[in-house]
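Observations on chain architecture
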Amino acid sequence: MDYLNEMALFAEVAEAKGFSKAAAKLGMPQSTLSRRVGELEKQLGLQLLNRTTRRVELTEAGRRYFERVKPIMEEARRIHDELSGMLVRPYGVLRVSLPVDFSYEFLAPLLPDFAAQYPEIKLEMDVTPRKVNLIGEPFDLVIRTGEQPDSGYIATVLMHAERYLYASPSYLAKHGEPQTPYDLCAADCLRFQTASSWTLVNTMDETVQTTAESHYAVNSIGMLARMAVHGLGVAFIPAMAAEKYETEGRLKRILPDWHGQSVPVYALTATRLLPAKTKCFIEFLRSRMKAT
């Protein structure tokens, strides 16, 4: 396939109708250009150019060769320009896999702003907890929460979500508001399925671990928030999942001096070489999460 480079050089000479103009356009010595076109002629076993001291003309074989080569070179330039444009112009279909709670609680309200800022990007979102394969499946990136196993993917931290304790006013009126972490042992602690205890840290860096017991255990942060809103107990959830309900007065943050270990949120990609559409989506999320 080495002849492809010589093919492109020959096309430049044919279009310029001479070696000197073509060499100047290509930024290479005229002697080098002449030698490489000569090597192409040797590979073909045909003379493509008639060279004289005054001008260069295409032979019959050269004319036929140029007629076939020119559209190939033009298509190659179009492809190159199109792909280069992907690096600077955010457009096209962006396929993203996202967690359910992240999509509902955080991303959905941001979509109008994203659409206004990047009108040429079309989002295809797979809202699922399953582990997608960025190599074998048609996804540009994956959003995941929590520490991730070593998968070989490129992980970009979008934010660290702080977790706090929340309960509804109705629950607190009925059961009383906990005053210390130890009071949670007597409370209905709505827990995530994989967490049987809660580790809390205060502003003095003191740490307390308490058992989380209740009749309910779910694998959805959004569901925990809604259960707390309906007075079923205390939820230990990220602030962004509770923000709306807290603003509406349907949830109250309790034990405000205590918080949990932050939960990282990652954007995973298969490579660092990303088109503009992917970079813009990641930076959009990072800026909004930073503000949050």
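Scope of this entry: the structure provided in the associated data block. (Residues numbered from 1 in each chain as written. Predicted model: local features only at pLDDT ≥ 70, side-chain atom pairs only at ≥ 80, totals over all residues. Heavy atoms only, no water.)

What follows deals with the packing of helix α1 (residues 3–16) against helix α2 (residues 19–26). Packed helices, taken two at a time, are described by the angle their axes make and the gap between the axes. Here α1 crosses α2 at 125°, and the two axes come no closer than 8 Å. Accordingly, the angle class assigned to the pair α1 and α2 is oblique. Considering how the two elements wind past one another, α1 and α2 form a crossing that is right-handed. Only F19, K21, A22, K25 and L26 of α2 make contact with α1, whose side of the interface consists of L9, E12, V13 and A16. Here the residues of the contact of α1 with α2 sort into 6 nonpolar, no polar and 3 charged. (Axes fitted to C-alpha atoms, helices over the stretch in contact; angles between N-to-C directions. Helix = DSSP H or I, 4+ residues; strand = E, 2+ residues; numbered from the N terminus. Parallel < 35°, antiparallel > 145°, perpendicular 65-115°, else oblique. Left-handed = near helix turned anticlockwise from the far one by under 90°. Contact = heavy atoms within 4.5 Å. Nonpolar A, V, L, I, M, F, W, Y, C, P; charged D, E, K, R; others polar.)

What follows covers the packing of α1 against helix α3 (residues 30–44). Contact geometry for α1 and α3: axes closest at 9 Å, N-to-C directions at 120°. For the pair α1 and α3, the crossing hand works out as left-handed. Counted together, Y3, N5, E6, M7, L9, F10 and V13 of α1 and L33, R36, V37, E39, L40 and Q43 of α3 form the full contact between these two elements.

Counting residues in hydrophobic clusters, the biggest one holds 25 residues, and the most contacted among them are F102, L141, I143, L158, F281 and L285. Elements supplying a minimum of two residues to this core: β3 (92–98), α5 (100–117), β5 (141–145), β6 (154–161), β15 (263–269) and α9 (276–291). For this core, the leading source of residues is α9, giving 6 residues. With sequence-adjacent residues up to four places away left out, L285 is seen in contact with F102, F106, L107, I143 and L158. Residues V37, L40, L49 and V56 belong to the second largest nonpolar core, which totals 20 residues. (Core = buried A, V, L, I, M, F, W, Y, C linked by side-chain atoms within 4.5 Å. Buried < 20%, exposed > 50% of the residue type's maximum accessible area, 1.4 Å probe, protein only.)

A separate point is α3. Between its first and last C-alpha, α3 extends 21 Å over 15 residues, near the 21 Å set by a 1.5 Å rise per residue. Buried residues of α3: L33, V37, G38, L40 and E41, and no others. With its buried residues spanning 155° around the axis, α3 presents them on a single face. In α3, those exposed residues whose orientation departs by more than 90 degrees from the buried face are S31 and K42. (Expected span 1.5 Å × (residues − 1). Arc of directions from axis to C-beta.)

As a further point, take the sheet that holds strand β8 (residues 189–192). Spatially, the 5 strands line up as an open sheet ordered β11-β8-β12-β7-β13, and their pairing is mixed. Two strands bound the open sheet, and with one partner strand each, they are β11 (217–218) and β13 (252–254). When β8 meets β11, the two strands line up parallel, connected through 2 bridges. What sits directly across from F192, in β11, is V218. Strands β7 (163–167), β12 (234–238) and β13 of the sheet are contacted by helix α8 (residues 239–247), whose axis makes an angle of about 120° with β12. (Pairing = 2+ DSSP bridges.)

Looking now at the pairing of β15. The element β15 is largely enclosed, with a buried count of 6 among its 7 residues. Pairing geometry for β5 and β15, over 4 bridges, is antiparallel. Counterpart to I143 in the pairing with β15 is A267. As paired elements, β6 and β15 share 7 bridges and run antiparallel to each other.

This paragraph deals with the environment of E243. Mapped onto the secondary structure, E243 falls in helix α8. E243 sits 138 residues away from E105 along the chain, and the two C-alpha atoms are 9.4 Å apart.

For the rest of this paragraph, the subject is the pattern of salt bridges. Counted by the stated rule, this structure contains 13 salt bridges. A salt bridge links R63 to E60; the nearest nitrogen and oxygen atoms lie 2.8 Å apart. With R63 and E60 both in helix α4 (residues 60–88) and 3 residues apart, the pair spans about one turn of that helix. Across the pair D113 and R288 runs a salt bridge whose closest N-O atoms are separated by 3.1 Å. Highlighted residues: D113 in helix α5 and R288 in helix α9, separated in sequence by 175 residues. On the basis of relative accessible area, D113 is assigned to the partly exposed category, the value being 38%. On the basis of relative accessible area, R288 is assigned to the partly exposed category, the value being 26%. Among the charged side chains, a salt-bridge network with shared partners connects D126, R130 and E137. (Salt bridge = Lys/Arg side-chain N within 4 Å of Asp/Glu carboxyl O.)

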